[in-house]
Amino acid sequence: MYKYDTYDQTLVDARVADFGDQVARRLSGEMTEDQFKPLRLMNGLYLQLHAYMLRVAIPYGTLDSRQMRMLGSIARDYDRGYGHFTTRQNLQFNWIKLEDTPEILAKLATVEMHAIQTSGNCIRNISSDQYAGAAADEVGDPRPWAELLRQWSSFHPEFSYLPRKFKIAVIGAEQDRAAIQLHDIGLQMRRDDAGELGFRVLVGGGMGRTPMIGSVIRDFIPAADLLSYVEACLRVYNRYGRRDNIYKARIKILVHELGAPEYARQVEEEWTHVKTLGLDPPQAEYDRIAAFFAPPAFAEGLPTEIDRSDAGFAHWVDQNTAAHKAAGYAIVTVSLKPTGGIPGDATADQIDLIADLAERYSFDEMRITHSQNVVLPHVQRQDLRAIWDALVAAGLATANLDLVTDIIACPGLDYCSLANARSIPVAQKITERFADPDRQRDIGELKLKISGCINACGHHHAGHIGILGVDRKGEENYQLSFGGSAAEDTSIAKIIGPGFSEDGVVDAVEKAVETYRGLREPGERFLDTYRRVGLQPFKAAIYGDAGSTTPVREPVA
Amino acid sequence: MKILTGQDLASGDVTWWTGSGWSLHLFDAVDVGDAGPAIAAAEEKALRVNVPYVIDATQTADGPMPAHIKDRIRAAGPTVHPAFGIHPEIPILKTPAQHENNADAPSEVKAN
Amino acid sequence: MIRFRDDVAHDAPPAPLAEFVGESNATAVRLEPTDDARALLPHLDRLALIEVAFPKFRDGRGYSAGRILREAGYLGELRAQGDLLVDQIPLMRRCGFDSFVPDVPVDEAALARTLDRYPNVYQKAADGRSPVWALRHG
């Protein structure tokens, strides 16, 4: 893991003082809320439905036990004993007092953490593959590049007042676990014909009210030129991105309106100039950072066989562990999606327990996933049973990774001042409806994602099944969509028809799942069957035969 | 009726205008008639409230009930954490019209 | 006006870009957010003042304009004018601005604190400061 040097520490400490000063000026009335808002957002502080909410950055989702325990301790001392892991691999606290934030940030800084640029119209936390450095299918480790991008983007003087927020993801594997095609910039490591390391660059993907899949604007940028090239991408956006309409301000709209080839041409032209400015750090800086991500000292000659006589344990191993590149090791995903629970929430005690397990069994390292779970990346297979036992005792052993109950949900109207409907109760009811583990396993991979408004923080556009909560005449209503994906086969889900009540949408999901079970061919996931047979059989099952002629309700704009 | 709500600047707590100050309890809210924007502007300037705004509400036997579900949740707390609510008795899903007709809230009301 | 230059401030009002380009002897110009700063590149040697408008503090186009002008070698006064917040001035300094005319006067003590806050920077910009990656491998 990356460790701060005195430069990094000094900068984060300076930010703590800076924000403390800003908070004091707000509390004294020197600043209005309108002036303070962009400053607090750039430090991850929102004013939500019930309180201030503080979003803490977990760069590319990686943290150690000391940092994790600090999150637990803040949850206990300043919040209400829990935290919420987000789809940007961060953590947010829901019950924060403005007057406490300088102290909280000072505590975070003691463990090399901060809330810098976790919101606002700036470059957000760089996200990455939760299996980085452990997966068997990597061209290279994306984390050193994510760290380089983190440093480059922190307090960037030119790009702190962009037209809109800006999200960058970087991966090093063929399999896409970070949704790069749905990012403002997606970077995929690859090698060119000469074996040189570089990146494929996608621009203009995103969800929100106008979901779009990113376009490849350059098939290969040499790694040594990455930062100057990204700088050129951002400069074109900062100058020409729309500022007349907040709903058209993301870079996807600029790329869409110009056309990807024209946007790419403008970037190349800007880059011809920008690359002469000496913005790219030398190889020595990359080497310095990469050394922190050297593979840990994996033991050799470990047993790979495990005792599978306990069926519950065996199911968990099959569902929640993935192949590791080192023999005798596994990647463990700790599910934060218990039946009837709140997706992504963890209590302070659970946070501490996961930290203990990481320290003892996983080289003191954890990853947060964009589907709101926690990964122990380097676990010896012979330790899996001990880990499972500890997780069972803490209510964290739900064996549902990538199954129908592994739901992504935004906080929705229970917490969020932008929401139109609640998301969490829908997730709770669906997990209760599909609680039977045998039934879930039989259904197989099914990514269900719920957003409480059109901003799509719950990624409903990218769900095999997506649910969007809307406000229909003051009442919560839920639209169902099918066919989305955030993986390497990225697609945008389509709305299937008129919306439902909260209970109605749970019933409709169940009908869709049963329709799939009736139609599937061997090996097909829900998504595959849907793509093969189309919407009609699902619509007929959900709305009845009459429903198949019901006009499709367009999303509320 | 119209009632005035906002959040405490330092704590972020949701507050309701009582006619002479700010309360954490919805049922202390009073009808502000047309005076809401003026009270809001003065109180915000004095830093006694942050981001105040006027909402529609209905007077019920319990007290004023916001017309919109968002403000009922603001008053009650998150429906998924009833223990954190300060007004657990507020029937979040019961609309003002259902109140007036003394109808029951929809069955899916959480344990609050 | 807050100024970080020793020379005498230009006192004539700057011309709008369209007027300036058509006029051979003006020495001061004003850029609106929609103006292309690169239109000035052929004229930099005769300019003493470029004023960049920030009509709303959320509109960050002027930050790019400032850097583009400095990257092209402009050495004259680069002035930010408009809805400027005290916490934005350090970023503008990094983008090459050396004078500031905020619509509402900023608190000088707060400005001094924020300008002194960050001893280092993570990236190269238009102010000549060495990023930490250069210091690390000095």
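Remember, it's a predicted structure, so these values are computed and weren't measured experimentally. Numbering of residues starts from 1 in every chain and runs along the sequence as written. The lettering of chains begins at A and the numbering of ligands begins at 1, in the order of writing. pLDDT decides what is reported in this predicted model: residues at 70 or higher carry local features, side-chain atom pairs at 80 or more are listed and counted, and totals for whole chains, interfaces and linings draw on all residues regardless.

Engineer: Hey, could you run me through the interface of chain B and chain A in this one?
Structural biologist: Frequently, the measure chosen for interface size is the accessible area removed from exposure when the parts meet. What counts as a contact here is a pair of residues whose C-beta atoms, placed from the backbone, lie within 7 Å. Of the residues lining the interface, 23 residues belong to chain B; the matching set on chain A comes to 23 residues. Counting from the N terminus, the helices are DSSP H or I runs at least four residues long and the strands are E runs at least two residues long. Looking at the side of chain B that touches chain A, the elements with two or more residues in it are strand 4 (50-59) and helix 2 (69-76) of chain B. Tallying contributions element by element places helix 2 of chain B first for the side of chain B that touches chain A, with four residues. The nonpolar class holds Ala, Val, Leu, Ile, Met, Phe, Trp, Tyr, Cys and Pro. Asp, Glu, Lys and Arg form the charged class, and all remaining residues, Gly among them, are polar. Looking at the side of chain B that touches chain A residue by residue, the classes come out as 10 nonpolar, eight polar and five charged.

Engineer: What's the story with the nonpolar core in this structure? I'm lost.
Structural biologist: Side chains of nonpolar character tend, in soluble globular proteins, to be buried together. Buried Ala, Val, Leu, Ile, Met, Phe, Trp, Tyr and Cys residues form a nonpolar core when they are connected through C-beta atoms within 7 Å. Buried residues are those with 20 or more other C-beta atoms within 10 Å of their own C-beta, exposed residues have 12 or fewer, and partly exposed residues lie in between; C-beta atoms are placed from the backbone. In terms of nonpolar packing, the biggest core is built from 226 residues, with A:Cys233, A:Ile354 and C:Ile50 touching the most fellow members. Among the elements that take part in this core, helix 6 (residues 226-240) of chain A stands out by supplying nine residues, more than any other. Contacts of C:Ile50, omitting those with residues within four sequence positions, involve C:Val29, C:Leu31, C:Leu40, C:Leu69, C:Tyr74, C:Gly76 and C:Leu78.

Engineer: Please explain the domain arrangement of chain A as it appears in this structure.
Structural biologist: All names here are of chain A. We note that the domain assignment places domain 1 (6-109), domain 2 (142-290), domain 3 (311-393) and domain 4 (408-547) within chain A. Each domain's extent was defined by an automatic or database domain assignment. The distance between the C-alpha centroids of domain 1 and domain 3 comes to 27 Å. Listing elements by their share of the side of domain 1 that touches domain 3, those giving two or more residues are strand 3 (62-63), helix 3 (65-78) and strand 4 (82-85). Ranked by residue count, the leading element in the side of domain 1 that touches domain 3 is helix 3, at seven residues.

Engineer: Just checking my understanding: could you explain the interface of chain C and chain A for this structure?
Structural biologist: With 30 residues of chain C at the contact, the number on the chain A side is 35 residues. Taken together, the elements giving at least two residues each to the side of chain C that touches chain A come down to helix 2 (61-71), helix 3 (89-94), helix 4 (108-116) and helix 5 (132-136) of chain C. Examining the composition of the side of chain C that touches chain A, we find that five residues originate from one element, helix 2 of chain C, more than from any other. Of the residues that constitute the side of chain C that touches chain A, the class distribution is 12 nonpolar, six polar and 12 charged.

Engineer: Got a minute to help me understand the sheet that holds strand 4 (residues 49-54) of chain C in this structure?
Structural biologist: Within a sheet, adjacent strands bond to each other through the backbone by hydrogen bonds, running parallel or antiparallel. Residues and elements named next belong to chain C. Judged by pairing direction, the sheet is mixed, and its six strands sit side by side in the order 1-6-5-4-3-2 without closing on themselves. Each having just a single partner strand, strand 1 (2-3) and strand 2 (15-16) make up the two edges of the open sheet. Strands pair, by our definition, only if DSSP identifies at least two bridges between them. Two elements, strand 4 and strand 5 (residues 77-82), share six bridges in a ladder whose sense is parallel. What sits directly across from alanine 53, in strand 5, is glutamine 81. To obtain each axis, a line is fitted to C-alpha atoms, and for helices this fit is confined to the stretch in contact; angles are then taken between N-to-C directions over 0 to 180 degrees. Against the sheet, helix 2 touches strand 3 (28-31), strand 4 and strand 5, its axis set at about 160 degrees to strand 4.

Engineer: What exactly am I supposed to notice about the pairing of strand 6 (residues 99-102) of chain C here?
Structural biologist: In summary, the side chains of a regular strand alternate between the two faces of the sheet. All names here are of chain C. Burial of the side chains of strand 6 is restricted to one face: Phe100 and Pro102 are buried, whereas none of Ser99 and Val101 on the reverse face is. The pairing of strand 1 with strand 6 spans two bridges and is antiparallel. Across the sheet, residue arginine 3 finds its bridge partner in strand 6, namely serine 99. Both strand 5 and strand 6 contribute to a ladder of four bridges, which runs parallel. Across the sheet, glycine 82 pairs through a bridge with proline 102, a residue of strand 6.

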